[in-house]
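Observations on the three-dimensional arrangement
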Amino acid sequence: MFKALASIPPDVIISSMRFLGIDFGTKNIGLALSDEAGHFSYPYRVIPNTGRAAMMVAGVCEQEGVEKIVLGDSRNFKGEANPVAVQIAKFKTELELVT
């Protein structure tokens, strides 16, 4: 059985945060934004995968109050990194510099 939220002591603070999910593609990058509580995410926007993509994502994070980014990985059927995974790693590094 689940315990009711009422059983949580009043001095315990339940924190929430907004997430941005990134689906990296070689031509376009899909973005999904969570609700303020971080419980559900919804399609937000598709941006072109250009040299400005990391800056565009940083702008979305600032505008929407994103606290954590979830970046999808790409693997082949054997679970090994594929050519797209190399591009994702490069994008991740760029994103870390601007966020």
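It should be noted that the structure appears before, not after, this text.
As the structure is a computational prediction, the values presented were derived from the model and not from experiment. (Residues numbered from 1 in each chain as written. Predicted model: local features only at pLDDT ≥ 70, side-chain atom pairs only at ≥ 80, totals over all residues. Heavy atoms only, no water.)

Here we take up the side chain of Asp35. For Asp35, the position within the fold is in the loop between β2 (28–34) and β3 (41–48). Buried charge Asp35 goes without a salt bridge, the closest partner of opposite sign being Arg18 at 6.7 Å. Within polar-contact distance, the side chain of Asp35 engages the backbone nitrogen of Gly38 at 2.8 Å. (Helix = DSSP H or I, 4+ residues; strand = E, 2+ residues; numbered from the N terminus. Buried < 20%, exposed > 50% of the residue type's maximum accessible area, 1.4 Å probe, protein only. Lys, Arg positive; Asp, Glu negative; His and termini not counted. Salt bridge = Lys/Arg side-chain N within 4 Å of Asp/Glu carboxyl O. Polar contact = N/O pair within 3.5 Å; in protein donor to acceptor, adjacent residues only side chain to side chain.)

A word on the pattern of salt bridges. Taken as a whole and judged by the stated rule, the model has five salt bridges. Across the salt bridge formed by Glu36 and Arg18, the nearest N and O atoms sit 3.3 Å from each other. Of this pair, Glu36 sits in the loop between β2 and β3 while Arg18 sits in strand β1 (residues 18–24), and the two are 18 residues apart along the sequence. The class of Glu36 is exposed, set by a relative accessible area of 56%. The salt bridge partner of Glu96 is Lys92, with a shortest N-O separation of 3.0 Å. Residue Glu96 and its partner Lys92 are located together in helix α2 (residues 83–98), separated by four residues, close to a single helical turn. Judged by its relative accessible area of 43%, Lys92 is partly exposed. Several salt bridges converge on common partners, so that one network encompasses Arg18, Glu36 and Glu64.

Take α2 next. Here α2 spans 24 Å end to end across 16 residues, near enough to the 22 Å set by a 1.5 Å rise per residue. For α2, every residue scored as buried is listed here: Ala85, Ile88, Phe91 and Leu95. Seen end-on, α2 carries its buried residues on one side only, within an arc spanning 115°. Exposed side chains of α2 directed beyond 90 degrees from the buried face belong to Pro83, Val86, Lys90 and Leu97. Each element contacted by the buried residues of α2 is listed here: β1, β2, α1 (53–64) and β4 (66–71). (Expected span 1.5 Å × (residues − 1). Arc of directions from axis to C-beta. Contact = heavy atoms within 4.5 Å.)

This next bit is on the nonpolar core. Core analysis: the biggest nonpolar cluster contains 16 residues, and Leu20, Ile22, Ile29, Leu31, Val57 and Phe91 have the highest contact counts within it. Top contributing element to this core by residue count: α1, with five residues. Look past the residues within four positions of Leu31 in its chain and what remains in contact with it is Leu20, Gly21, Ile22, Tyr42, Pro43, Tyr44, Arg45, Ile47, Val57 and Val60. (Core = buried A, V, L, I, M, F, W, Y, C linked by side-chain atoms within 4.5 Å.)

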